[in-house]
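If you want the building blocks of each chain, they are given just below.
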2 protein chains.
Amino acid sequence: MAEIDRMLEANERWAQQFPGSKPVRPARKVAVVACMDSRIPLFGVLGLDIGDAHVIRNAGGVITEDVIRSLTISQHALGTREVVLVHHTDCGLLATDDITFAETVEKATGRRPPWAARAFTDVDDDVRESMRLVRESPYLLSHEVRGTVYDVATGRLYEVE
Amino acid sequence: MAEIDRMLEANERWAQQFPGSKPVRPARKVAVVACMDSRIPLFGVLGLDIGDAHVIRNAGGVITEDVIRSLTISQHALGTREVVLVHHTDCGLLATDDITFAETVEKATGRRPPWAARAFTDVDDDVRESMRLVRESPYLLSHEVRGTVYDVATGRLYEVE
């Protein structure tokens, strides 16, 4: 069975105990930017309820133009005013570098990507760099940002200063 | 209290009942691309367990260069082979258009964004366009993609053909 069919089946059970709708504007006025890693169920990890916060995720949880687009919409159209970053231990982007990854893709597909993978070597430093990029964006209404690292082995989050 | 402090407090409770670590490679070999909307707790909505699937989210759940970067890493470095899209009803991007949004940002910040908001008028069509963009990417190993719309009023997901 394709994974989507399992998901549609599971959704039947979800819909049967669906707790009800909420407004489109996030109640806690916060946007979370996190890595796409499969081991981070953010609602549980951060204690979020349905309707509380926008959730933006990509490889690494890094700040790209697309993340700035999403945060700009989150703030200007939907009223959020805080940004919380969640990077994590044992990230796939710690296990490669941009050149090696581009070569891997080129070898497998015949096409070298024009964009960088955004690999990094120190997760705390990468959180600091991401905080800097949020603070420097000229399109946001609020530059209030704090950053964390999630330990996938313990479930514990720590803040990066 | 800042929202992040509430999240760090909630995380203490999560860590105390943490169910244990999982491998970095997603067990179900699937990457989900969804909208950042605050009303879509994907693990519950799709019946995902920790470690099952990559989760990529942005404003609209649209396919941008950053989503292709994330999917390329997901497939080449971490072994996923299916893509599932989750757009939804009552999306913030249905309530504006790219020009109006750019004017809103310019009026508030003095800077007009060089990127489009990626607003859309029909959610099913937008899912079809996103499927097309995944199928056409030259960097992916698998172009197997299916698309869905989540009804935020009922909790129910339907597939778009």
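Treat the numbers as computed from the prediction; the structure is a model and nothing was measured. (Residues numbered from 1 in each chain as written. Chains lettered and ligands numbered in written order. Predicted model: local features only at pLDDT ≥ 70, side-chain atom pairs only at ≥ 80, totals over all residues. Heavy atoms only, no water.)

Okay, the overall build of chain A next. Per the secondary structure count, chain A includes five helices and five strands. What you see in chain A, going N to C, is helices and strands ordered as α-β-α-β-α-β-α-α-β-β. Taking the principal axes of the C-alpha coordinates as reference, chain A spans close to 50 × 45 × 30 Å. With 161 residues in all, chain A has 58% of them scored as buried. For chain A, long-range pairs separated by at least 24 residues make up 64% of all intrachain contacts whose partners lie at least 6 apart in sequence. When the accessible surface of chain A is totalled, it reaches about 6,400 Å², and 48% of it is carbon and sulfur. A gap of 5 Å separates the mean positions of the 19 positive and 25 negative side-chain charges of chain A. (Helix = DSSP H or I, 4+ residues; strand = E, 2+ residues; numbered from the N terminus. Buried < 20%, exposed > 50% of the residue type's maximum accessible area, 1.4 Å probe, protein only. Contact = heavy atoms within 4.5 Å. Areas by Shrake-Rupley, 256 points an atom, 1.4 Å probe, with all protein chains shown as cover. Lys, Arg positive; Asp, Glu negative; His and termini not counted. Charge placed at Lys NZ, Arg CZ, Asp CG, Glu CD.)

Turning our attention to the relation of the copies chain B and chain A. Mapping chain B onto chain A is achieved by rotating through 180 degrees and translating by 0.0 Å along the same axis, at an RMSD of 0.0 Å. The superposition operator between the copies reduces to a two-fold rotation axis. Judged by C-alpha distance, Arg57(B) is the residue of chain B that lies nearest the rotation axis, at 2.3 Å. Comparing interface residues between copies, 100% of those in chain B also lie at the interface in chain A; the contact surface is shared. (Least-squares fit on C-alpha atoms with pLDDT ≥ 70 in both.)

Before going further, it helps to examine the state of the cysteines. On inspection of all chains with the given rule, the structure shows zero disulfides over all chains. Distance from the sulfur of Cys35(B), which forms no disulfide, to the nearest cysteine sulfur (Cys91(B)) is 4.1 Å. (Disulfide = S-S within 2.5 Å.)

Let us look at the nonpolar core. Grouped together as the largest cluster of nonpolar side chains are 58 residues, with contacts concentrated most on Val33(A), Leu71(A), Val33(B) and Leu71(B). In this structure, Leu71(A) is in contact with Ala31(A), Val33(A), Ile56(A), Val83(A), Val134(A) and Leu140(A), ignoring residues within four places of it in sequence. (Core = buried A, V, L, I, M, F, W, Y, C linked by side-chain atoms within 4.5 Å.)

Here we take up unusual backbone geometry. Even without being a glycine, Arg118(A) presents a positive backbone phi close to 70 degrees. Considering the arrangement of structural elements, one finds Arg118(A) in the loop between helix H4 (98-109) and helix H5 (123-136).

Attention now moves to the packing of H4(A) against helix H3 (residues 65-76) of chain B. One way to put it is that H4(A) packs onto H3(B) with a least axis distance of 11 Å and a crossing angle of 75 degrees. Overall, the two elements H4(A) and H3(B) adopt an arrangement that is roughly perpendicular. Judged by residue contacts, Phe101(A), Thr104(A), Val105(A), Ala108(A) and Thr109(A) of H4(A) engage Thr72(B), Ile73(B) and His76(B) from H3(B). In the contact of H4(A) with H3(B), the residues fall into four nonpolar, four polar and no charged. (Axes fitted to C-alpha atoms, helices over the stretch in contact; angles between N-to-C directions. Parallel < 35°, antiparallel > 145°, perpendicular 65-115°, else oblique. Nonpolar A, V, L, I, M, F, W, Y, C, P; charged D, E, K, R; others polar.)

Across the contact, 89 residues belong to chain B and 90 residues belong to chain A. With both sides pooled, the region where chain B packs onto chain A buries about 7,500 Å², and carbon together with sulfur makes up 64% of that total. Scanning the region where chain B abuts chain A turns up six salt bridges. For Arg146(A), the salt bridge is made with Asp5(B), and the minimal N-O distance between the two is 3.0 Å. Linking chain B to chain A there are 33 residue pairs in polar contact (both at pLDDT 80 or more). (Buried area = accessible area lost by both parts, 1.4 Å probe. Salt bridge = Lys/Arg side-chain N within 4 Å of Asp/Glu carboxyl O. Polar contact = N/O pair within 3.5 Å; in protein donor to acceptor, adjacent residues only side chain to side chain.)

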